[in-house]
Amino acid sequence: MEWLWVLAAALASWLGCVLFQACRAVVKGRGDPEGTVFLLMGNQAEVAEWFLRMVYRSEGILTGRLALAVGAEGRADDTARIVEIMSRQKGFRLVGPGEGPGSGPGQPERIWFIDVRGMNTRDLLKGPLNVLAAL
């Protein structure tokens, strides 16, 4: 019978921990972002949508700790158009040519610049997605 109490206590502890983590994630997601991830993309029409969806799966973006701003450089392919469609879909800030995310009133203080222009899927998986996972 003692093992039943131990099992009940372990289950209650686990449930309390899960609820605490869920509440913490919700509270973090409601505040203003602590920083902005600024992606500079170009000549990546074949991977643009996939990459942006992967960025949205990173914990910093999911919890609301980090905001996202994307600049699409050049019109050599459809990257700019894909980024524009994704910005409407996901609600991230689209930055025009020559414009930076800036740090003005109401803007987060920390900005992480990640230049992914011309990178393919393998390069994106090895570099930028690992960086985003660490933020």
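Scroll up a little and you will see the structure.
Residues numbered from 1 in each chain as written. Predicted model: local features only at pLDDT ≥ 70, side-chain atom pairs only at ≥ 80, totals over all residues. Heavy atoms only, no water.

## A closer look at helix α2 (residues 48–56)
Then comes step 1: Those residues of α2 that fall on the buried side of the exposure criterion are A48, F51, L52, V55 and Y56. For α2, the angular spread of the buried residues around the axis is 140°, confining them to a single face. (Buried < 20%, exposed > 50% of the residue type's maximum accessible area, 1.4 Å probe, protein only. Helix = DSSP H or I, 4+ residues; strand = E, 2+ residues; numbered from the N terminus. Arc of directions from axis to C-beta.)

## Side note on the pattern of salt bridges
A side chain of one charge can pair with a side chain of the opposite charge if their charged atoms are brought near each other.
Then comes step 1: As enumerated under the stated definition, the model contains three salt bridges in all.
Then comes step 2: Between E49 and R53 there is a salt bridge; the shortest N-O distance is 2.9 Å. Of this pair, E49 and R53 are both found in helix α2, four residues apart, which corresponds to roughly one turn of the helix.
Then comes step 3: With relative accessibility at 38%, the residue E49 sits in the partly exposed group.
Then comes step 4: With a relative accessible area of 30%, R53 lands in the partly exposed category. (Salt bridge = Lys/Arg side-chain N within 4 Å of Asp/Glu carboxyl O.)

## Some words on the nonpolar core
Then comes step 1: In this structure, L39 and L68 are the most contacted members of the largest nonpolar core, which totals 23 residues.
Then comes step 2: Of all elements in the fold, only β1 (35–41), α2, β2 (66–72), α4 (79–90) and α6 (128–134) reach the threshold of two or more residues within this core.
Then comes step 3: Considering every element that reaches this core, the biggest residue donor is α2, with five residues.
Then comes step 4: Not counting chain neighbours up to four residues away, the residues in contact with L68 comprise T36, V37, L39, V55, Y56, I61, F92 and R93. (Core = buried A, V, L, I, M, F, W, Y, C linked by side-chain atoms within 4.5 Å. Contact = heavy atoms within 4.5 Å.)

## Remarks on the pairing of β2
Then comes step 1: Of all seven residues that make up β2, six are buried, and the element is covered over most of its length.
Then comes step 2: Direction of pairing for β1 relative to β2: parallel, over a ladder of seven bridges. In the sheet register, G35 faces β2, and the bridge partner there is L66.
Then comes step 3: Both β2 and strand β3 (residues 93–95) contribute to a ladder of three bridges, which runs parallel. Bridge pairing links A69 to R93 in β3. (Pairing = 2+ DSSP bridges.)

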